[in-house]
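Residue-level structural notes
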Amino acid sequence: MSDGAAALQVQQLLELLAAVTSLSDEETAVQAAVERAAQALEAEVCAVLTEGRVVAAVGFPAGTVPFSDLHAVVVRERDMLEVAGLGTCRAMSAAWGGSHPGDLVIARWGDDSFTAGERNLLRGMARMLELTLTMLRTLHSEKEMRARSELQAAENAQLAESLGEQQRLLLRLSVIQRAISRREPLEQILETITVAAHELLGDEIVGLWVRDPEAPDRAKLRSTVGLSINRLPSLSLGEAGAAGEAMRVGDVVVLDGYDHASPAIRDLTGGQLRASMAAPVHESNRIVGGLLVASYRPDRGYTAKDKQTLRTFAENVSLALTDAHTMNMVHLAVHDTLTGLASRGLFLERMTEQLATGELTALLFVDLDRFKEVNDTLGHAAGDQLLVVTAERIRSELRATDVAGRFGGDEFAVLLRGVSGLADAVAVGERLVKSLSEPTLIAGQRVNVQASVGIALSAADGEVAAELMRRADIAMYQAKRNGRNRCEVFTGEMLLEFAAGT
Amino acid sequence: MGVGRSTAVGSRSAAVEAALDAVTGPAPKLLMVFAAIGHDPTELLAGLREAAPGTPIVGCTTHGEIAPGGPTDGTVTVAALGGTGLTVRTAVAEHASGRQRDAGAEVAATAEPLADQPYRVLMMLTDGQIRDQESILRGAYGVLGAAVPLFGGASADGWRMTGGYLFYDDRVLTDAVVGIAIASEAPMSVSVKHGWDKVGEPMIVTSAGDGRVYTLDDRPALDVYLDRLGAPPEAYTDEEAFKQFALPRPLGVQRRSGVEARNLSTEVDLEGRSIGGGSAIDHGGLTWAMTGDEQSILAATDEACHAAIEGLKGEAPVGMLTFSCAALRAVLGDEGIQHEGARLDKWADGVPFAGFYTYGEIARTRGIDGFHNQTLAILALA
């Protein structure tokens, strides 16, 4: 072999190496290799066979690669190859081993047989192809491993993030549920929920819409983050955006954009809202409102997880509202519906509890003088109004620990807990007489009524409620008998007089 | 085959005149037009359509038109193919840049149905602005295999370097490949030759990529090449001076059966000191500076003509397509190309021939490569 031919073959090996190593996947590297091998040997045909099939070939018309002919060259059965349209070509092959063995086959048209140098070159090329393919496979599996570990890391991060979110949600829910169980004021609980939804879902706007009690097909904003309630009157459900829709369909509703928003919503949000989502809120299994989150961000979309979070907050709103409703019903059952004072039953219960403590307790019976006249002349509505005013005046003269009750008609009772002596009770009684004698404006008329107050103090040796009431009642009659608009303290003489019927 | 040429100034009338001269028999099967860049392409096509209604049209713009009587500039030259025993099918692949291989495969498919004919050639006219034209040939080779010779050329623009056009029926195209499958009962033969000789010792490509050579013998490729040829100082710093210097001095790349010439004149990078060959020159390759003169180039003209005619297996040629490289004009000069034309006339011996000065010649008969620079490529038809 001449120096020139040797140099050329070294060059051709280097060119093949440059060509195949610049490619990043096996398929294109093998295709480049067959083209370079054909080019180097000025051959018309080149093919690579691995695992019993042709993985790349040049020189045959598309779709006509003759596997069996190529294989015959590989197993040295032939050193010629019939190439369609070209004729019989001289052929040779070189094999490589390793974990993925294969063969490189070359066929060249013309009279020149392959030189020893060219056979060596083909063997070198086959060996180089083996090394390249091994390298590519190693790189490929490394890349796959890296991709797998990156995927795992991403999944872990996502899990951690999701656990973190879950924890934040649970933390807020526990705050909300503690507020509900402690019966904190409803408005405060609702605000806690809207703020929590704002913080956890990250939307700029959170709003709790509730059904207007006077117009059930309309809703009002009751609690909100990011919106001014003052500017918004009650809206029909159709105008109330996602919240109204959620109230209508009874499920979570997501709206994209606000192209069809009502003028009121558009005005409220400056026409900039891009996405909103709302969940229905229930009270004792009735839909009474909708909890809404909304965003100005154009890329805001709501995931299934976001929907679930909102649903959870809405359920807590439902819980708070239902609890408040129940409390209200309980309150109504034991309180006088007109004046809100304790009913006779509740008053007696409270009194029994108080007497059991052994503390010195005063009971005051209050009876309006000439109430019947007001009722008869100005009507029952005016009479009711007078009773409401009376209840307010009584309450305003008492401490928070004292109990006021209405026993029916114009009869009221007051329980003073832990008084230090009769003087305390008398002072309250006199204040009541004075306060209730103040004129009242009812139905456009100035009404003057007065009150008679009977006072009784609990005995030191334990006493039943009924006995104390009887004594206060006697004292009250004594006050009436003594000229009304005054208070009297029960005495033993009164009892005797009462018994004598005088 | 018939050839007509018109020097008329009006594009339409020139086309009519050339086409009428070219069409010698009834019902031509193809009009192949080679037109100077100055012609109005739309008018030109209208003229061809008028002269030969219904005949398929292919063609391109040139850096000089070749026909009997010597090469010319500014003309419309038309070859009409026809006659019994000849079948022609045409195809086009558009938006070829970035998908050269697919474009080559697409136009090659037009030759597939002609497989029952004894002789086939796939001719391709490409937009000279497309890079990596080898891949167009690889795409065609992948479809047709070794059985079908490839022939053709890249459109030129009279050295304006703003880009030429391709013609395909009634359309004027750029960034396209026009394919012409020619099948015949008589032999056809493709040849290609260049007239360059190696100068001095080889240079090893020590860094290359994307069709560019960055270093030769571990030094900036531009300086090594210019040093080797003793270039004037301005060629080191001025792009135009480099181009004028490099046009007659291609870079030779060693192949098994000889040295291929690569034109370096159009893709120099004076800042990066690298050279571009328009086609791949690989890391590790052996290269030579090459020179030539009128004598060596005209000798190659003779060799190419001889080989093409000899390839007809004893049958007499009835026509030839002759595609010569635009860069050869820089060596030959205006007088030299007339000498080249005279050689072609002598070899044709009265048989019509037509062609143009190209921005790249296509001729694959052996192996899988076939895109050339600075050569004369000939398709002879018997």
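The text that follows walks through the structure, step by step, so that each part is easy to find. These figures come from a predicted structure and were not determined experimentally. (Residues numbered from 1 in each chain as written. Chains lettered and ligands numbered in written order. Predicted model: local features only at pLDDT ≥ 70, side-chain atom pairs only at ≥ 80, totals over all residues.)

A closer look at the overall build of chain A
Within chain A one finds 14 helices and 18 strands. A separation threshold of at least 6 residues defines the contact pool for chain A, and within that pool the share at least 24 residues apart is 57%. (Helix = DSSP H or I, 4+ residues; strand = E, 2+ residues; numbered from the N terminus. Contact = placed C-beta atoms within 7 Å.)

Concerning the overall build of chain B
Regarding its fold elements, chain B presents nine helices and 24 strands. Looking at chain B as a whole, 60% of its 382 residues qualify as buried. In chain B, the share of contacts with a sequence separation of at least 24, taken over all contacts with a separation of at least 6, comes to 80%. (Buried ≥ 20, exposed ≤ 12 C-beta atoms within 10 Å, placed from the backbone.)

Here we look at the packing of helix α1 (residues 11-22) of chain B against helix α2 (residues 41-51) of chain B
All names here are of chain B. Where α1 meets α2, the closest approach of the two axes is 7 Å, and the angle between their N-to-C directions is 35 degrees. Of the two possible hands of crossing, α1 and α2 adopt the one that is right-handed. Contacts from Ser11, Arg12, Ser13, Ala14, Ala15, Val16, Ala19 and Leu20 of α1 reach α2 at Glu43, Leu44, Ala46, Gly47, Leu48, Glu50 and Ala51. A class-by-class count of the residues in the contact of α1 with α2 yields nine nonpolar, three polar and three charged. (Axes fitted to C-alpha atoms, helices over the stretch in contact; angles between N-to-C directions. Left-handed = near helix turned anticlockwise from the far one by under 90°. Nonpolar A, V, L, I, M, F, W, Y, C, P; charged D, E, K, R; others polar.)

Regarding the sheet that holds strand β4 (residues 65-66) of chain B
Residues and elements named next belong to chain B. With mixed pairing, five strands are arranged side by side in an open sheet as β4-β21-β20-β24-β12. Since the sheet does not close on itself, it has two edges, and those belong to β4 and β12 (188-193), each with one partner. Pairing geometry for β12 and strand β24 (residues 376-381), over six bridges, is antiparallel. Following the sheet pairing, Lys193 is matched in β24 by Leu376. Across the sheet, helix α9 (residues 328-348) is in contact with β4, β20 (319-325) and β21 (353-358); its angle to β20 comes to roughly 165 degrees. (Pairing = 2+ DSSP bridges.)

Focus: the interface of chain A and chain B
Each partner contributes to the interface: chain A provides 25 residues, whereas chain B provides 22 residues. Listed by contribution, the elements that provide at least two residues to the side of chain A that touches chain B are α1 (3-21) and α2 (26-40) of chain A. At seven residues, α1 of chain A tops the list of elements feeding residues into the side of chain A that touches chain B. When the residues that make up the side of chain A that touches chain B are grouped by side-chain class, the tally is 17 nonpolar, four polar and four charged.

A few points about helix α4 (residues 134-144) of chain B
Residues and elements named next belong to chain B. Among the 11 residues of α4, 11 are classified as buried, and the element is accordingly described as predominantly covered. Glu134, Ser135, Ile136, Leu137, Arg138, Gly139, Ala140, Tyr141, Gly142, Val143 and Leu144 are the residues of α4 that are buried. Gly145 occupies a position one or two residues after α4 and carries a positive phi of about 75 degrees.

Quick look at the environment of Val253 of chain B
Residue and element names in this part refer to chain B. One can find Val253 in strand β16 (residues 251-255). In this structure the C-alpha to C-alpha distance between Val253 and Ala289, which are 36 residues apart in sequence, comes to 9.2 Å. For Val253, the contacting residues outside a window of four places in its chain are Val259, Glu260, Arg262, Ile281, Gly285 and Thr287.

Some remarks on the nonpolar core
Ranked by size, the top nonpolar core spans 181 residues in total, and within it Val45 and Ile106 of chain A together with Ala140 of chain B carry the most contacts. Counting residues in hydrophobic clusters, the runner-up holds 44 residues, among them Val374, Val453, Ile455 and Ala475 of chain A. (Core = buried A, V, L, I, M, F, W, Y, C linked by C-beta atoms within 7 Å.)

A word on the sheet that holds strand β17 (residues 450-457) of chain A
Residue and element names in this part refer to chain A. Spatial strand order, β13-β14-β12-β17-β18: five strands in an open sheet with mixed pairing. For this open sheet the edge positions go to β13 (403-408) and β18 (486-489), each flanked by a neighbour on one side alone. Neighbouring strand axes in the sheet, compared pairwise and without regard to direction, differ in orientation by 20 degrees on average. Relative to strand β14 (residues 411-416), strand β12 (residues 362-369) runs antiparallel, the two being bridged by six bridges. Paired with Ala362 across the bridge in β14 is Leu416. Contacts from helix α13 (residues 465-481) reach β12, β17 and β18, with the element oriented near 140 degrees to β17.

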